[in-house]
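Notes for the structure review
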Amino acid sequence: MALDETFLRGIGMKGGQIHILIRKRNELQQLQQSAQQAKPSRSKTPDRTDAQTDPARPRNAPAQETSSSDSSRPVGKTARGNTASAAGKRQRKSNNSQLKSTDEVLELSNCRPFRSQDTDFKYVKDKVLVPESGVNDLITPCHEYKSFAIAADLNRNQLQSKFACEVIRFASACMNIRTNGTIHFGIMDSVEDKGWKHGQIIGIRVKEREYYVDALDYIEKCFSENVREIARKCIHPPVFIEVISKDSQEQRFVVEVDIEPISTLVKNKLFQVYLPKYNEGSQKVTLTKDPTFYQRRGAKSEPVMQKDLDTFIQDLQVRDAQREKADLSSAEVHTEIPQNLGRKLSILLNDGKNYMDDSLRYILVTNRCEKDNLNNINFLMQLNIFCVFDFDEDSNVSGLYSKYKEHHATRSYFLQDFSSESKTGNPYSQKHLCLFDQTSWIFCNGRSDFLGDEKPCDENTWIKMKKKYLKKAITRICDEILPKGSFIVLFLLLSPVQKPLVDTFQEFYTEMNGTEYIVCIAESRENYWKWANLAQASCSIETLEQCSIVGMKLSHVDATIQKMLPSTAQPRHLPVSTRGVCTLPLLEEEKLYSLEILCADQCDDIKIDLLTEKVIQEIEQNFYRGRKIIWENFWLADKKHCGEIIEREACKDASRLLDDILRGSRLNYSVAKLKIFHHPGSGGSTIARQVLWKRRKDLRCAVIKTSYPPSTVCEHALAFRDYEEKEISHCLPVLLLIEDYDEDYLEELKNDLMDAVATRKINSPRPYFILMCCRRSNDPERLCKASPLDTVAVTHKLADSEKSLFRAKLEKMKQKDVKPEFILTFVLMCEEFNETYVRDFVGHILQDIDRSSRDTCLMRYVALLNFYVPNSYVSLSHCEAFLGLGVYTERQSRAYDFKSHLSEQARMIFIELRESTTYISSVRIIHCLVAKEILYQLSGNEPQSQLAMTLLQEKTLFNNRFGRDEFIKFIRDLFIRRDKRSRGDNTDTLFSPFIEHVCKAEDCEKAIAVLKAAYELLGKDPFFAQQLARLHYNNEKFEDAKYWAEVAKLHLPNDSYILDTEGQVYRKWFSFYVDKMTQDDTPESIIRNIEIALKAMKCFRAAQQAAKAEHDSMNNAGYFGEVEVGCRLLRFLSTVHVFRRSPEGEYSELVKYLITDYIPKDIEKTWGRLHSRLKGLRHNLYHALEWISEDLSYFQTDKHHEKEEEDENSEKEEQIYNPRKWLRRQSEVYARFFISASLIEETNRGPESQLIRRMNIYKSGGGSFTNILSFLTDKKENRSAEKLEKILSFYTESPLRLEDNDLVNYILCHITLACLAPGSAKLVPMTTLREFSTRFFKGKRPFPASAHFLLTLLYWPDEALDKEPNPDKDEILDTALQTLKRLYDIKMKDVPTRKKRIYTHFFLGKGYGLGKIVHKTKIDKLIPGSLDERRMKWLHGTVWNIAKISNILKSVSGWTRDRSLFIRGHMKEFPILPLHLDSVPPGNENVTFYLGFSFKGLVAFNIKVVNNPTASRTQGI
């Protein structure tokens, strides 16, 4: 099996691990080859009992008998031999799982330094030491290895004799040759054993250390008396080095004995020794019969042969002289040349550049910081620290945290808290909220000052209880939050190291695939070596040394890093109302984390001398390539370090509008809005930031981070405004930029700010806050036209003055040798994004591109998303994974650039960005129009549906963990996000633009196929099933539509929108069959059609019930759907032969069937299961119509009011854009099929007769609150008055006998008629209407909201009718207003009020009786100008300045108290709802205002403070 990258990826290894493994294999193969060349010259020592019984030998490996002492005895013949053999079998069995293949590449390890007693030095299991060695320079020790595995488990006598034998033989050889040496026990030494590597570190179990120490007492027996003391001094005590392993907790050691024959001790001495041997028979230790001289020959210890003894003795003086010389040489003091640690620090932290990259984040891992060191860690205060893993339990009291939090805002965690936050299930931007804006401080071993249960623990307890949380926290950071290459892990070893700190390194090393982005700083070499020795279980000492700064004073590290920082630590400043400035410490700024604050001296702290010309040019070109402008661009331009930034006319317009707001030239609000709508890529964001930059010294300026909720932004904005201001009533206005926002978010933020300002009870001549709203739009001019007084449109079209500026700028950049291809966005802007120019330019770039390459494929995928999904991008992590770019582990790869792996064409059109809310590095195409062209020009004959299919099959992209949530969101948007005009799109689409394109350019089958694939891939998302149902029924595939609607309902059975979709399936199905009907249709087909319609209505009623239970939305689609189907069903029934139309033009047979018990004979049996449901049709439709009418009475419906002046092309558009007109038309259809004059005669005033009269009212345009008020919108008032008089004529009986709803309609008809024709003879006096309404406040049963609304109109004080104060009338008003408020709250549920704006129907006018009631439409007719101009006058309150309007409305008196508004009724005071809360003056003031009447209660308009102290405080009546 080949050990290659394909195989290793197949078993699940990460790229970095593969890279390390293969590199190390290649290194070891070279070492192995050199070792193999030395093997023929090296034989093993004759006395090797371990070779016989080596436990690590594979079972099929032959054992060689090599023991000289036992050579005459067969192996295993004695009892002890059997014991040893059995022990060997047990040992083989226990170690079988540890056998290493000889093909496996193992990592080299260094030996313990000679004579070192460092207890922190460790060996790592299964690494290998260099091969055994012979004599070198006498000082460098030679090495000999012994596995000693079986002997270590023998009894004391056996172990000691064996250990002493090996040590004394080796010591004799070294001392006679005068060389230093080390013998190692626990290192594999069998060359022939193919189960292990020579020199492989295994370790042995050490029962008692004293066994090994005492074993050296054999020196007294084995050496002659005259040299025993010398031998004692030359043979050093055993050293026990722990063998560490990540996979085993068993404690093993390598036992080493150093031999050091110093010349002064051994001079003129020879060492002849006896060797101890254990006798198996007598079970005693005996010495060899004859003493022997040993010598080192090559890598072995051999006895000196008798024939060579004379020569050996004669050479003694030569060896003594060599040793003496070697000792003198080693005694010389060698001056160590210090490393250039400053340069190394620079390379590790910023690739050798002269300044640090401030976009990098740091993760700090540290332990106890002593008090003396706290003054030398100032550099940490200026690093962009993401989080800290702190192992100092006293850090909050006296350690690093106590100092850090003096300079920065932080959030403290314990390990389990931080690691578990990712389980919340929130989307990415919420899940990781604040992590990027405030440093997370993680106490890894408890806090000594914490009152809870988190107390410090010892190492073993920590490993058992807390290590798992450490792993989760690190995995969370590396997999979910921070992309590779965006952060550095900095280990700061400030005190002695413990195991948990090493575990932290190992976890980061594993997650980050190496040490590329890991740096260690340790002033103490002792602390470092303990850390490194423990950490080598994961990473070699050499690799650790490459990424470590050791021995550099912490104060020097501090100064060196501070010198490399790109900006100074000088304080930042904000303008204040006194025209001075105040200091803004970083700690205070970070507390306002939802705002990106623009200071008065922004960027002045930049060390300009560190920025090279190339860097400055890169900053400038990044902007002109399409990146969002940054403050450095403005600063460099102001300082003349780069070219100036063009100021477009729209920027001047925005500045003028801002000046108008500040001067208060319009109606004064506490929160003003300045809107900038711009074509994508036209510079709208640049203009907004230009305005901010120019006003940073006059106003307090900030950019809102929309990832935070409006409530948080509001809190921070208020604190920002008040900061360091003495008088909060005279603070500078705050200019807040909000970009690419959601309309609901903006409205909520505005309301929160206004409410917060209102509670302060301060009146300021200028706005507190100015929201500069910058948003992309495909039609900015239309939006500007709709609101010209506060809106600026930025388009691709350049004014003549702008064209010359752009041309001049382009020429200057060309003079700097900047290629147009690399500032493509700016070049296209110069050409106003002309379609032909864009097409030709992109065509030129794409010439000769390799269409089959991976980066071209990536380009197409990104183009698909960028063109169809606004603001989409693909994370850099996804791109790297897709292109198969491995994870690099060498230090020099820090400068690795994603773009260097792209084709030249891809480099031109891709731009790398950093997403503002999640800080993800991402890639997109420089402009959506360029994306469009790339999509079309690279597609060739391949349809876009096929491209999307291919994209869905890219497992590399979908399985990439980092940034996955955002990628999936964009994929979902590609398939299901519809265009909406309210979002600035050109049109409202039924499906996503991509799906609509596939349907139009290809066919619906392709669209269905790609949606199905997306449904399966994205976890069977019910909303994809819903889209499939919609797509099928729009293409008349109703059986499939039914299936997918049921699938969606299966996932979300209580979702009102999905239930509505199911109803739409049957509605479309019913309409399809009805439209295809002919005279030849069978009775069965008629029944089928009715069944489908009734099923649709049932589904819509289910949607209605589900909508009631949804507290965060108001979905009324179920009611509209039921009415549409019901009315269509009535029309269909009228065509059935049994219900033929009468000669008089009536459907008397159908009416009789629907509202009585009558059933025609022809259908009595065949329609058996339909009768009860059809006879309930009228009631169901009536209920739905009443609900819609009431809903329209509450809320404004003119959000898209411009549609009212257009011809609606479809029933659906009318329902959306003009629901009142839709309701009136459907009511007429509904009524038409329940009217029959002949039935009235037959029933003779029975209930059916009353019902038919009610239907006549419906048919005439009445019947509901909304329908009646619709008469007021008719341009022909006389015609409407006549219709109302006709409606009133239908009420023949006494009004007091009418049902509740009928009585409400009857009274409202009089009020409406009075507005249209005050002199009509049909009108009754106000007093009569009051009498009719008595039941509404005296009755015990509940009444509709419209009844209570009428009470507020009828019983408001009238100067003619209420000359005497009457508390009873106040009681009626109070009860009605409280009931309206309660019903309104029920209606609104938890839906924000901004989504449903209350509608004011009537105003209090001058006059009395019904004449004092003025409808809003009358005011509308008095406002001059276009529809948009009229809307703006309402919006800005200038409508009240029109004389004709002020002449008809009554200005009433009231007062304010604690920012609340009150008015007096007959005798009692009533609270009034102000239209704008911030229009209520602070304090206690007398005010006047216009009074409006809504379904929420009384509303005040045009509130003005009464400056005349003699003004009457009484309510004018």
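Residues numbered from 1 in each chain as written. Predicted model: local features only at pLDDT ≥ 70, side-chain atom pairs only at ≥ 80, totals over all residues. Heavy atoms only, no water.

Attention now goes to the overall build of the chain. If you tally the helices and strands in the chain, you get 65 helices and 35 strands. Within the chain, contacts between residues at least 6 apart in sequence are counted, and of these 73% link residues at least 24 apart. Here the chain has roughly 66700 Å² of accessible surface; of this, 48% comes from carbon and sulfur atoms. (Helix = DSSP H or I, 4+ residues; strand = E, 2+ residues; numbered from the N terminus. Contact = heavy atoms within 4.5 Å. Areas by Shrake-Rupley, 256 points an atom, 1.4 Å probe, with all protein chains shown as cover.)

The strand order across the open sheet formed by 7 strands is 13-14-12-11-15-16-17, and the pairing between neighbours is parallel. Because the sheet does not close on itself, it has two edges, and the strands there are strand 13 (410-414) and strand 17 (548-550). Put simply, the sheet's adjacent strands are angled 15° from each other on average, direction ignored. Two strands pair when backbone bridges link them, and strand 13 and strand 14 (residues 439-443) are joined in this way by 5 bridges, in the parallel orientation. In the strand pairing of strand 14, F414 is matched with F443. (Pairing = 2+ DSSP bridges. Axes fitted to C-alpha atoms, helices over the stretch in contact; angles between N-to-C directions.)

This part is about a positive patch on the surface. A contiguous patch of positive charge on the surface is contributed by R1141, R1232, K1259, K1283 and K1286. Mapped onto the elements, K1259 comes out in helix 55 (residues 1247-1259). Given a relative accessible area of 46%, K1259 falls into the partly exposed group. (Patch = residues over 30% accessible without salt bridge, like charges linked within 9 Å, V, L, I, M, F, W, Y side chains within 5 Å. Salt bridge = Lys/Arg side-chain N within 4 Å of Asp/Glu carboxyl O. Lys, Arg positive; Asp, Glu negative; His and termini not counted. Charge placed at Lys NZ, Arg CZ, Asp CG, Glu CD. Buried < 20%, exposed > 50% of the residue type's maximum accessible area, 1.4 Å probe, protein only.)

The next thing to look at is the nonpolar core. With 190 residues, the main nonpolar core has F975, L1129 and W1167 as its most contacted residues. Here the element with the most residues in this core is helix 47 (residues 1083-1109); it accounts for 10 residues. Core analysis: the next-biggest nonpolar cluster, separate from the first, contains 81 residues, L345, L374, A473 and I541 among them. (Core = buried A, V, L, I, M, F, W, Y, C linked by side-chain atoms within 4.5 Å.)

Here the chain averages 84 in pLDDT, and 87% of its residues register 70 or above. In the model, residues 887-896 has pLDDT below 50 throughout and makes 35 contacts with residues more than four positions away in sequence or in other chains. Note that residues 1199-1210 has pLDDT below 50 and, in this model, 20 contacts with residues that lie over four places away or in other chains. (pLDDT = per-residue confidence, 0-100.)

Next up on the list: the side chain of S945. Within the element layout of this structure, S945 appears in helix 39 (residues 944-952). Looking at S945, the relative accessible area reads 5%, which means it is buried. Dropping the residues within four chain positions of it, S945 is found in contact with F994, V998, E1002, K1006 and V1010.

On to the environment of Q937, then. Its location among the elements puts Q937 in helix 38 (residues 928-939). Residues Q937 and R839, spaced 98 residues apart in sequence, show a C-alpha to C-alpha distance of 8.7 Å. Contact partners of Q937, with chain neighbours within four places excluded, come to R839, V842, G843, L846 and R851. For Q937, the side chain forms a polar contact with the main-chain nitrogen of G843, separated by 3.4 Å. (Polar contact = N/O pair within 3.5 Å; in protein donor to acceptor, adjacent residues only side chain to side chain.)

Here we come to the packing of aromatic side chains. Applying the stated rule across the entire model yields 74 aromatic pairs. Between Y1043 and W1044, the aromatic rings sit 5.1 Å apart at their centres with planes inclined by 75°, giving edge-to-face as the arrangement. Overall, Y1043 belongs to the partly exposed group, its relative accessible area being 47%. Judged by centre distance (5.1 Å) and plane angle (65°), the ring pair of Y1194 and F1495 falls under edge-to-face. (Phe/Tyr/Trp six-rings, centres within 6.5 Å; stacked < 30°, edge-to-face > 60°.)

In spatial order, the strands read 1-4-5-3-2; together these 5 strands make up an open sheet with mixed pairing. Whereas interior strands pair on both sides, the edge strands pair on one side only; in this sheet they are strand 1 (122-124) and strand 2 (142-146). On average, adjacent strands in this sheet sit at an angle of 30° to one another, irrespective of strand direction. Pairing between strand 3 (residues 181-185) and strand 5 (residues 252-259): 5 bridges, direction antiparallel. In the strand pairing of strand 5, G181 is matched with I259. Its contacts with the sheet put helix 5 (residues 156-177) on strand 2, strand 3 and strand 5, and the angle it makes with strand 3 is roughly 160°.

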